Amino acid sequence: MSFLRDTMVIFRRQEKLALRNPAWVIIGLTQPILYLALFGPLLTRLPASSLGVPAGNAYKFFVPGLLIQLGLFGSTFVGFTIIADWRSGVIERFRVTPVSRLAIMAGRVLRDVVTLVVQALVLVLAGLAFGLRAQLGAILISFGFIVLVAVGLASVSYATGLLTKSEDAFAPMVNTIVVPLMLLSGIMLPMTLGPGWLQGIARISPFRYIIDAMREAFQGHYFNTIMVEGIAVAAGMAAMFLWLGSRVFLRENA
Amino acid sequence: MAIIEARGLARTFTSRKRTVEAVRGVDLTVADGEIVGFLGPNGAGKTTTLRMLTTLLKPTAGSATVAGADLLRDPVGVRRRIGYVPQAIGATMGGTDPSCLVREELLDQAALYHMGRDDAVRRARLLTDQLDLTGLDQRLVKTLSGGQRRRLEIALGLVHEPRLVFLDEPTTGLDPQARSNLWDHIRGLRSDLGTTVFLTTHYLEEADALCDRVFIIDHGMIVAEGTPDALKRRISGDVVSLSVDAGATADAAALLRAQALVRDISSADGTLRLTVEHGEEALPLLLRVLDAAGVTLHSINLSRPTLDDVFLTLTGRSLRDDAPNDRPEDAAAPPRERRSAAQEDAVPAGTATKE
Ligand SMILES: Nc1ncnc2c1ncn2[C@@H]1O[C@H](COP(=O)(O)OP(=O)(O)O)[C@@H](O)[C@H]1O
Ligand SMILES: [Mg+2]
């Protein structure tokens, strides 16, 4: 099918460019690794009950949070790269070829997903080194979640980049959305520690549900409502953003 | 056979409560194998027209057949058959990624046209040879010179051997040498491959030197169309400059003014400037008249009107005063000087300057 073939052409091109300049992939990893090394040890001193995990395994709480943080920052800023490509005229050049216009987005998203999975693997291995105990099932499930998160966020990020066509508009916009969402997701500390009003507004962050589900998985709880909610939110968000992104890429003059 | 046939093509942009009628009803017919130029000042609507013809922008009105496919009903068919090289000025550049290798750009472009790997490699080699890019395969695009990068961009538009290629301001921003070098390549496209070339330019020398036919566009409308020579013939008269002995200027002027062919005459420092009809035919007559009266002639020069004179007559403005800011030394100079300086470096084939 030509859409898949086109997607692979774009994917390979983006992959080639990323490997030529791997600085960003590494920079993206340093932040969560630093948190793991310099913040993680603090958590191990907190009473396990406050984190909602069995005694002695704060990393079961912390690593899922860091995985989402990695996905959140790694995927929402990819829109920058499409602004650069639009400015160099590469996007227009692609759009005049018979290549599927959707593939121009899909190939990029695929590259971002692959990058994220590699980063996540490194992060989980580092977590294990620090003392994380987790079943393979839990790790696979959390990878499934971050892939869904990456697909959705990268799509919407590319669409936003292509619509704004300006780093100056794009960067503040993404920052004002991502930072509060991250804070409201309980990446560092459980939202249940917060006062009632904070817990209330935290309900609007979709990542809240996804992190909760990932933490359940790390505890070995694979089948419960928290998991169903998490999957529904992650899949719903991915589908909606993918659809939005497609709309923009198929527009005649995006 | 017409390779482009456009009727009433129009595009209006609506942004922030402001509407811009960028293109207002353009009719175009381009024959197979022509080099056609779209000449107009900045903002005339050249790029917008090109973006409509290449399926990048939906027309607000009108219709077109491009390379045998209907623009509105079969945009993918159009894309398959045409090549497009975007302009490299303004908000966006010419379509190459600074951090790609030259060879990668060519091979990726071929893959986007669904060419097989072997075909792609062969084609990339051929194009690098044809466009003087040999030996640059493994260079990063950002290390290329302006002329090399532009030639690469043109090569990308030709990867799939299109019958029709659109070049948006192919030489804008290049130095004169790179420009005339690129002209040769563009001529070669037609003579060697029979490719139809549709280019836009705001350089009248370029339109004059390169194009079989020129459409002059201003404010989104085509104001004139024809071969450069035919367009210039529409300007009534050629310019004859004569230099005579300083003392004989007044006599000579009186003598010449009496000739029916002479429309207008002005004199300065022993040089007479005449506007005449049918310059070539007028010349022998003028020589005879002066000779008979015993006036000694030091030199005589016949020049045709330029496309700028055509533009001036049609729109009341000069194209040269509208030069974009890509040549700061031009922009700094006062308009009159710019005009004469530009005329000096203009050596297009069509502008005959006979001694
Ligand atoms: N995407 C756009 N949105 C709004 N106005 C535009 C857009 N593109 C072009 N225009 C306007 O349309 C007019 C024609 O522009 P353009 O076709 O780029 O001219 P040219 O290529 O001849 O310099 C200009 O006034 C320009 O500002
Ligand atoms: Mg333009």
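Please refer to the structure placed before this passage.
Summarised in this report is the structure supplied together with it. What you are looking at is a predicted structure, and each value in this text was computed from that prediction instead of being measured.

## Side note on the overall build of chain A
So, step 1. Along chain A, the regular secondary structure elements total 13 helices and 0 strands.
So, step 2. Its helices and strands in sequence order give chain A the pattern α-α-α-α-α-α-α-α-α-α-α-α-α, from N to C terminus.
So, step 3. In terms of C-alpha radius of gyration, chain A reaches 19 Å, essentially the compact-globule figure of 18 Å for 254 residues.
So, step 4. With the C-alpha coordinates aligned to their principal axes, the bounding extent of chain A is approximately 60 × 35 × 35 Å.
So, step 5. Within the span of chain A, comprising 254 residues, buried residues form 52% of the whole.
So, step 6. Long-range contacts, defined as pairs at least 24 residues apart, comprise 79% of the intrachain contacts of chain A with a sequence gap of at least 6.
So, step 7. Accessible area for chain A stands at about 10900 Å²; split by element, carbon and sulfur atoms hold 72% of it.
So, step 8. The centroid of the 20 positive side-chain charges in chain A is displaced by 4 Å from the centroid of its 11 negative side-chain charges.

## Some points on the sheet that holds strand 1 (residues 2–15) of chain B
Residue and element names in this part refer to chain B.
So, step 1. With respect to topology, 4 strands assemble into an open sheet ordered 2-1-4-5, the strand pairing being antiparallel. For this open sheet the edge positions go to strand 2 (18–31) and strand 5 (69–70), each flanked by a neighbour on one side alone.
So, step 2. Where strand 1 and strand 2 come together, 11 bridges link them in antiparallel fashion. Each residue of the ladder has a partner; that of Ala6, found in strand 2, is Leu28.
So, step 3. Along the sheet face, helix 1 (residues 46–53) touches strand 1, strand 2 and strand 4 (61–66) and points at about 115° away from the line of strand 1.

## Remarks on the sheet that holds strand 6 (residues 82–85) of chain B
Residue and element names in this part refer to chain B.
So, step 1. Taking strand neighbours across the sheet as the criterion, the 6 strands line up as 6-7-8-3-9-10 in an open arrangement whose pairing is mixed. Each edge of the sheet is formed by a strand with only one pairing partner; in this case those strands are strand 6 and strand 10 (221–226). Neighbouring strand axes in the sheet, compared pairwise and without regard to direction, differ in orientation by 15° on average.
So, step 2. Sheet analysis places strand 6 next to strand 7 (residues 164–168), joined by 4 bridges and oriented parallel. Counterpart to Ile82 in the pairing with strand 7 is Leu164.
So, step 3. Along the sheet, helix 11 (residues 307–315) makes contact with strand 3 (35–39), strand 9 (213–218) and strand 10, crossing strand 9 at roughly 40°.

## Observations concerning the coordination of the magnesium ion (ligand 2)
So, step 1. Those donors, Thr47(B) (OG1) and Gln87(B) (OE1), are the protein atoms that reach the magnesium ion (ligand 2), and they lie 2.0 to 2.2 Å from it. On the criterion of sequence distance, the pair formed by Thr47(B) in helix 1 and Gln87(B) in the loop between strand 6 and helix 3 (102–112) is long-range, its members being 40 residues apart.

Reading the values: the criteria
Residues numbered from 1 in each chain as written. Chains lettered and ligands numbered in written order. Predicted model: local features only at pLDDT ≥ 70, side-chain atom pairs only at ≥ 80, totals over all residues. Heavy atoms only, no water. Helix = DSSP H or I, 4+ residues; strand = E, 2+ residues; numbered from the N terminus. Rg over C-alpha atoms; globule rule 2.2 N^0.38 Å. Buried < 20%, exposed > 50% of the residue type's maximum accessible area, 1.4 Å probe, protein only. Contact = heavy atoms within 4.5 Å. Areas by Shrake-Rupley, 256 points an atom, 1.4 Å probe, with all protein chains shown as cover. Lys, Arg positive; Asp, Glu negative; His and termini not counted. Charge placed at Lys NZ, Arg CZ, Asp CG, Glu CD. Pairing = 2+ DSSP bridges. Axes fitted to C-alpha atoms, helices over the stretch in contact; angles between N-to-C directions. Donors = N, O, S within 2.8 Å, 3.2 Å for Na, K, Ca; no water.

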